[in-house]
Amino acid sequence: ACTGAVTVSIFGTDGVRGPAGEGVLEASSVRALAAAFAQSLGGGCGRVALVRDTRESGTSLRDAVAEGLDAAGAQAVDLGVLPTPALSWWLERDGRASGGIAITASHNPWFDNGLKLFAGDGTKVPDALQVACEEHYRSQAKLPALRTSGELLLDESEAAEQGYVQSLSTGIEGALEDRTVVIDHAAGAAWRILPAALRAAGALPISIAPEPSGRNINENVGAVHPERAAEAVLQHGAWQAL
């Protein structure tokens, strides 16, 4: 017979994910997890970059992450609303951060959210670092009090967005000249980035997804509804790369 309780990891296959404001994604737990991540990166980890998607809970989770990082002596760098690959790009290019956190639940509905941890080189954190982070988290459970150093967020969102668009469009200027391209950004983190990059390439983008409201991400659009984009391509006679 088995004895003793089995401890289930808080991390799934792609970070922490679930209903925002509940469980590990409750504010005090998010602060504790962010502090644990900074601790797992080592003493004096310095800067940790943050991106988020358009979910209603994104800003409050960002603030909780920043408070936890600050409590552990790290500086949160806010890159704003950007897709997860932009975080990897920024970490590799900037070279000054020890890690990064993407606040997103990918294709899940708006009331979910999540935290994805990245190493300083822009890759997903190695298993050993994730294990260390969870050990730190479980040892403190929740932060009883936060020691704040003043400015919790270093805002680099404008420069990050402009730089990422430029990185996507460099070398392909005019490559899609006057071609109609259907976009499904799912009212998510790429809602500004994607059309801007396509316009820089000379394309004429048509979006089938609405502007984000905080509660409409992935609503009848996005990765689980590819038929919407397919129908729009035919409807608008859009360019098809065959």
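What this report covers is the structure whose coordinates are included nearby. Here the structure is a predicted model, which means the values were calculated and not measured.

**Section: the overall build of the protein**
- Looking only at helices and strands, one finds seven helices and eight strands in the protein.
- Taking 242 residues into account, the globule formula puts the C-alpha radius of gyration at 18 Å, and the protein, at 19 Å, falls close to it.
- For the protein, the spread of C-alpha atoms along the three principal axes comes to 60 × 45 × 30 Å.
- The buried share of the protein, reckoned over its 242 residues, is 48%.

**A word on the pairing of strand β5 (residues 112–119)**
- Counting buried residues in β5 gives eight out of eight residues, a clear majority hidden from the surface.
- Residues D112, G114, K116 and F118 point to one face of β5 and N113, L115, L117 and A119 to the other, with burial holding for every one of them.
- Inspection of the sheet shows strand β1 (residues 16–19) paired to β5 by four bridges, in the antiparallel sense. Each bridged residue has a counterpart across the sheet, and for R17 the counterpart in β5 is G114.

**Let's talk about unusual backbone geometry**
- The phi dihedral of S106 is positive, around 55 degrees, even though this residue is not glycine.
- Structurally, the position occupied by S106 is in the loop between β4 (97–103) and β5.

**Description of the nonpolar core**
- Of all hydrophobic cores here, the largest spans 32 residues; its most connected members are L33, F37, V48, V65, L69 and I101.
- Looking at this core, the elements with two or more residues in it are α1 (27–40), β2 (47–52), α2 (58–71), β4, β5 and α4 (127–140).
- The element contributing the most residues to this core is α1, with seven residues.
- With near-sequence residues (within four places) excluded, V65 lies in contact with V30, A34, L50, I101, I103 and L115.
- In terms of nonpolar packing, the next biggest core, distinct from the first, is built from 17 residues, W89, W90, A97 and Y164 among them.

**As for the pattern of salt bridges**
- All chains considered together, the criterion is met by 13 salt bridges.
- Residue R47 is joined to E156 by a salt bridge in which the shortest nitrogen-to-oxygen separation is 3.3 Å. Highlighted residues: R47 in strand β2 and E156 in the loop between β6 (153–155) and α5 (157–169), separated in sequence by 109 residues.
- A network of salt bridges, in which partner residues are shared, links R47, D94, R96 and E156.

The rules we used
Residues numbered from 1 in each chain as written. Predicted model: local features only at pLDDT ≥ 70, side-chain atom pairs only at ≥ 80, totals over all residues. Heavy atoms only, no water. Helix = DSSP H or I, 4+ residues; strand = E, 2+ residues; numbered from the N terminus. Rg over C-alpha atoms; globule rule 2.2 N^0.38 Å. Buried < 20%, exposed > 50% of the residue type's maximum accessible area, 1.4 Å probe, protein only. Pairing = 2+ DSSP bridges. Core = buried A, V, L, I, M, F, W, Y, C linked by side-chain atoms within 4.5 Å. Contact = heavy atoms within 4.5 Å. Salt bridge = Lys/Arg side-chain N within 4 Å of Asp/Glu carboxyl O.

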